[in-house]
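# Structural description and commentary
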Amino acid sequence: VIQNKEPEDFLSHFTPKMLVSNGKYEPNSPFLSSSRLYHIRGSNENYSHAVECPTIDASQLNSNDAFVLLQSKSSMIWLGCSSNQHEKDCANAIVERFNL
C-alpha cells in the first residue's frame, strides 16, 4: 500500500480514524511530548484520515480541509470554509481520542 494512496477498505479498519505521524516510533516516548499539526482529508466516513504536517505553520492551512493542532494539555480544530462534514467529524474524533 502506497502512503497517502491507501484504499478505502484499508482505512476502514482504523477506529476512530487513521492518524499518520512523522518520525520513528519510540515505544517509551509520550506521543504528545511536542505539539503536532494534522491535516485531515477525506471524502466519506471511511476515507477520512489525518496526516501530520511537516511543520506547525499557518502556511500549512488551506480552506478545503480541516486541521487539528494537538498539544500536551490542549487541542485546536481549524475548519476550512470548504471542509466537508466527514473531515469535521474526523477532527472531532481525533480530539476526543486524546481527551483534550
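The rules behind these values
Residues numbered from 1 in each chain as written. Predicted model: local features only at pLDDT ≥ 70, side-chain atom pairs only at ≥ 80, totals over all residues. Heavy atoms only, no water. Helix = DSSP H or I, 4+ residues; strand = E, 2+ residues; numbered from the N terminus. Rg over C-alpha atoms; globule rule 2.2 N^0.38 Å. Buried < 20%, exposed > 50% of the residue type's maximum accessible area, 1.4 Å probe, protein only. Contact = heavy atoms within 4.5 Å. Areas by Shrake-Rupley, 256 points an atom, 1.4 Å probe, with all protein chains shown as cover. Lys, Arg positive; Asp, Glu negative; His and termini not counted. Charge placed at Lys NZ, Arg CZ, Asp CG, Glu CD. Expected span 1.5 Å × (residues − 1). Polar contact = N/O pair within 3.5 Å; in protein donor to acceptor, adjacent residues only side chain to side chain. Pairing = 2+ DSSP bridges. Axes fitted to C-alpha atoms, helices over the stretch in contact; angles between N-to-C directions. Core = buried A, V, L, I, M, F, W, Y, C linked by side-chain atoms within 4.5 Å.

### Here we look at the overall build of the protein
Looking only at helices and strands, one finds two helices and five strands in the protein. Here the C-alpha atoms of the protein give a radius of gyration of 13 Å, agreeing with the 13 Å that 2.2 N^0.38 yields for 100 residues. Taken along its principal axes, the extent of the C-alpha atoms in the protein is 35 × 30 × 25 Å. Going through the 100 residues of the protein one by one, you find that 33% of them count as buried. Residue pairs at least 24 apart in sequence account for 52% of intrachain contacts in the protein once pairs closer than 6 positions are excluded. With the model as given, the accessible surface of the protein reaches about 6,300 Å², and the carbon-plus-sulfur share is 49%. Counting 8 positive and 11 negative side-chain charges, the protein places the averaged centre of each group 6 Å from the other.

### Some words on helix 2 (residues 85–97)
The terminal C-alpha atoms of helix 2, which comprises 13 residues, lie 18 Å apart, in line with the 18 Å expected from a rise of 1.5 Å per residue. What helix 2 keeps buried is the set Glu87, Cys90, Ala91, Ala93, Ile94 and Val95. Against strand 1 (18–20), strand 2 (36–41), strand 3 (49–52), strand 4 (66–70) and strand 5 (75–79) lie the buried residues of helix 2. The N-terminus of helix 2 is capped by Asn84, whose side-chain oxygen sits 2.9 Å from the backbone nitrogen of His86. Looking one or two residues past helix 2, Asn99 carries a phi angle of roughly 55°, positive in sign.

### Some details on the sheet that holds strand 5
Reading across the sheet, the five strands line up as 1-3-2-4-5 and stay open at both edges, with mixed pairing between neighbours. The strands lining the two open edges of the sheet, one partner per strand, are strand 1 and strand 5. Strand-to-strand twist across the sheet, computed as the mean angle between neighbouring axes with direction ignored, equals 20°. Here strand 4 pairs with strand 5 via five bridges, running antiparallel. For Val68, the partnering residue across the bridge sits in strand 5 and is Ile77.

### As for the nonpolar core
Among the nonpolar cores identified, the biggest contains 11 residues, and these are Leu19, Tyr38, Ile40, Ala50, Ala66, Val68, Leu70, Cys90, Ala91, Ile94 and Val95. At four residues, helix 2 tops the list of elements feeding residues into this core. Excluding residues that lie within four positions of it along the chain, Val68 makes contacts with Arg36, Leu37, Tyr38, Ile40, Met76, Ile77, Ala91, Ile94 and Val95.

### Observations concerning the pairing of strand 3
Here strand 3 shows no split at all, with His49 and Val51 on one side and Ala50 and Glu52 on the other all buried. Alignment of strand 1 against strand 3, held across three bridges, turns out to be parallel. Looking at the pairing, Met18 lines up with His49 of strand 3. By the bridge criterion, four bridges tie strand 2 to strand 3 in an arrangement that is antiparallel. Across the sheet, residue Arg41 finds its bridge partner in strand 3, namely His49.

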